[in-house]
Every structure is written in structure tokens, then in C-alpha cells.
Amino acid sequence: MQVAVVGAGRWGALHAAKLAALPGVRLAAVVDADPARAQALAARHPGAQPLERVGQLSPAVVAATVAVDLPNLADVTRALLARGLHVLVEKPMAPDAATAQALVAAAEARDRVLAVGFLERFNPALGAGPRAPRRVVARRVGPPRPLAPPLDLDWLVHDLDLAAHLLGDALQVVRARWAEDAVRLALRTEDGREARLCAARRAVAIRRRLWADGARVDLCGAGDPLAAQLATFVGAAQGAPLGRLATGADAVRALGLLDAARALGRAAAA
């Protein structure tokens, strides 16, 4: 199965290495608008062709992963789907739920897998917690990152997906507190399941913590969730079950919660 990686930065390099190591997979191309970056990454994987544009991909390539900067995620994904490829795109896939929904419609129109890189679902540490929790608390903190994407789209959206994955689709945002370097959310279902989420860039080191019904789960440094996620994506592109793989619809759900939280935060600040 021939695959391509779009984006030759740090995450694209990780995608390329994990994909190239999978049995039955050939990394056929590396695409990056910077030809030097594409060439450098392709040179690390014999047989991979360096390209500058998605339109240059061979028809033999049937799937691609997308690891470009956040403002370009949706456009690149749209272009790949238009070519009939199965796509796994890094989170959050799009800046808002409406844009994400349009990508889901494009994938459905071509009957293609559209997966999203919410790789915490594949963290083996999750297996240590309750299987059907009723309360989830997640904290994701780290140092300031001046050139990073917005905190909500970079970190918070991960835990919105994880909370919905663990607690179900019926979560609604009931409280949102926003600051320049921190966001805190409370979510709840009608039957009493709840989530408390915090993302902040105020700490010296990155820490990711999760409590499920009071049981603490340390999400840092456990296993190789990226390799597991990419293997599941490759299998899904060949007709295997999606398993824990987050879909475009899951991204729509997480971004819808984020849109609601933003609106609630604006109302509270008014």
C-alpha cells in the first residue's frame, strides 16, 4: 500500500518514520511547500519521492497523512480528498465545526476514510482507568510557546475529544473561563456524567494528567500511541474496523464543543 506524508516538519518526520516501519506499507512520497525540507525527509526513506504539491502525487498513492501548520490543515485535507485519497489529518483538522463538517461531507461523498490525529485515544495508560467512567478530570499544562497555535486548538481540543470519547456524545459545556494563557471548562450530560478540563501555558514542564472516577492516569511517556494510531488508519484504509481511531465526525463534535465554549466565554466576559 503506497502512502504519502504531507508536511516535512517535526510531526511529518514522525509520521514518515512510523509509516515506513509498518509491514505492507511503502512511503511513496513526502510533500512540502519547501523543496529542501521535502528532499531532506524523503532522503531518509529510500524510494520516497520529494514533492512540492499534493497535485503531483502518483495515482498509486491511496492514503496520506497531513502534518502541516494549523491554518493549512483543512485546505490540504480538502485537496487530498478531492483526489480520492484516504486521509489522516493532525488535530484539530479545522478551525471550527462548520469547516470540519464540510470536510466530513467531502469524505463521505467519495467513500473515503477521514481520520483525525487525536492520538490520546491510543495511549495505553487509558487501559488502567475505569472502562465507563462517569467523571473525567483532565489537566494539560506546559511552558509558554509564543509561536504555537492558540491554546484551545492546540491542547484543549485534545481533551474535549477524550472527554467525549470516554463519556459519550451528550456532553454539553456548562461553564467556560478564559484567560490569555489558560482555559477551564466544565461539561455535563443530562444523566450526570461530567468533565472538568484545564489547559494552561504557565508551567515549567509539559504535564498531562487524567482522572477517571478518581483514578489517576499519567498520559506522559506511555507506549507508542502514534504508531498504533497510524497502523489502525492504514488498516481502516484497507477496510478494517476503525477501532479507537478518531474520525472527521469526532473532530466536528470536539470543535462544536469548543465553539460552544468560546461563545460561553465571550458571554461571561461581556
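Look a little higher up for the structure.
Here is a short report on the structure shown in this document. Since the model is a prediction, treat every value here as computed from it, not as a measurement. (Residues numbered from 1 in each chain as written. Predicted model: local features only at pLDDT ≥ 70, side-chain atom pairs only at ≥ 80, totals over all residues. Heavy atoms only, no water.)

## Side note on the layout of surface pockets
In this structure, the largest pocket spans a volume of roughly 1300 Å³. Residue lining of the largest pocket: 47 residues in total, with R10, W11, E90, K91 and D154 positioned closest to the centre. Broken down by element, the lining of the largest pocket gets its largest block of residues, four residues, from helix α5 (residues 151-167). Taken as a whole, the second largest pocket holds about 270 Å³ of empty space. (1 Å grid on protein atoms, 1.4 Å probe; cavity = no way out; pocket = protein on both sides within 12 Å on 5 of 7 lines; lining within 4 Å. Points joined across faces, edges and corners; volume = space filled by probe spheres on them. Helix = DSSP H or I, 4+ residues; strand = E, 2+ residues; numbered from the N terminus.)

## So, the packing of aromatic side chains
Per the counting criterion, the structure on display carries zero aromatic pairs. In this structure, R201 packs its charged tip against the face of W155, placed 5.1 Å from the ring centre. (Phe/Tyr/Trp six-rings, centres within 6.5 Å; stacked < 30°, edge-to-face > 60°. Lys NZ or Arg CZ within 6 Å of the ring centre and 35° of its normal.)

## Quick notes on helix α2 (residues 35-43)
For α2, the full list of buried residues reads A38, L41 and A42. In an axial view of α2, the angular spread of the buried residues amounts to 100°, which keeps them on one side of the axis. Away from the buried face of α2 by more than 90 degrees, exposed residues A36 and A43 are located. The inward-facing, buried residues of α2 abut α1 (10-20), β2 (26-31) and β3 (49-51). With a side-chain oxygen positioned 3.0 Å from the backbone nitrogen of A36, the residue opening α2 is D34. (Buried < 20%, exposed > 50% of the residue type's maximum accessible area, 1.4 Å probe, protein only. Arc of directions from axis to C-beta. Contact = heavy atoms within 4.5 Å. Polar contact = N/O pair within 3.5 Å; in protein donor to acceptor, adjacent residues only side chain to side chain.)

## Focus on the nonpolar core
Formed by 63 residues in total, the largest nonpolar core has its most connected members in L57, L80, L114, L160, L185, L187 and L197. Per element, the largest residue contribution to this core is nine residues, and it comes from α5. One finds V3, A8, A115 and V234 within the second-largest nonpolar core, a separate group that totals 25 residues. (Core = buried A, V, L, I, M, F, W, Y, C linked by side-chain atoms within 4.5 Å.)

## Concerning a positive patch on the surface
A cluster of basic residues, R139, R175, R177 and R184, forms a positive patch on the protein surface. Structurally, the position occupied by R177 is in strand β8 (residues 172-179). (Patch = residues over 30% accessible without salt bridge, like charges linked within 9 Å, V, L, I, M, F, W, Y side chains within 5 Å. Areas by Shrake-Rupley, 256 points an atom, 1.4 Å probe, with all protein chains shown as cover. Salt bridge = Lys/Arg side-chain N within 4 Å of Asp/Glu carboxyl O. Lys, Arg positive; Asp, Glu negative; His and termini not counted. Charge placed at Lys NZ, Arg CZ, Asp CG, Glu CD.)

## Things to note about helix α4 (residues 97-109)
Counted at 1.5 Å a residue, the expected span for α4 with its 13 residues is 18 Å, and the 18 Å between its end C-alpha atoms agrees. For α4, the elements touching its buried residues are α3 (73-82), β6 (114-116) and α7 (248-269). With a side-chain oxygen lying 3.3 Å from the backbone nitrogen of A98, the N-terminal cap of α4 falls on D96. Where α4 ends, the next residue or the one after it, D111, has phi of about 55°, a positive value. (Expected span 1.5 Å × (residues − 1).)

## Quick notes on the pattern of salt bridges
Opposite charge on two side chains permits them to pair, given that their charged atoms come into close proximity. All chains considered together, the criterion is met by 20 salt bridges. When the shortest N-O distance is used, the salt bridge between R208 and E120 registers 2.7 Å. Pair noted here: R208 is in strand β11 (residues 207-212) and E120 is in the loop between β6 and β7 (135-141), with a separation of 88 residues, a long-range link. For R140, the salt bridge is made with D159, and the minimal N-O distance between the two is 2.8 Å. With a gap of 19 residues between them, R140 in strand β7 and D159 in helix α5 connect regions that are remote in the sequence. The two residues R140 and D159 agree in class, both being buried. A single network of salt bridges, built from pairs that share partners, joins R121, D161, D169, D250 and R253.

## Section: unusual backbone geometry
Among all residues except glycine, the phi angle is most often negative; among peptide bonds, the trans geometry is most common. Residue P92 is bonded to the preceding K91 through a cis peptide linkage, with omega at 5°. Mapped onto the fold, P92 is located in the loop between β5 (86-89) and α4. A positive phi is found at D111, a non-glycine position, where the angle reads about 55°. Mapped onto the secondary structure, D111 falls in the loop between α4 and β6. Overall, the relative accessible area of 65% leaves D111 in the exposed class. If you check the backbone angles, D213 has positive phi at about 50° while not being a glycine. Mapped onto the elements, D213 comes out in the loop between β11 and β12 (215-218). The class for D213 is partly exposed, based on a relative accessible area of 41%.

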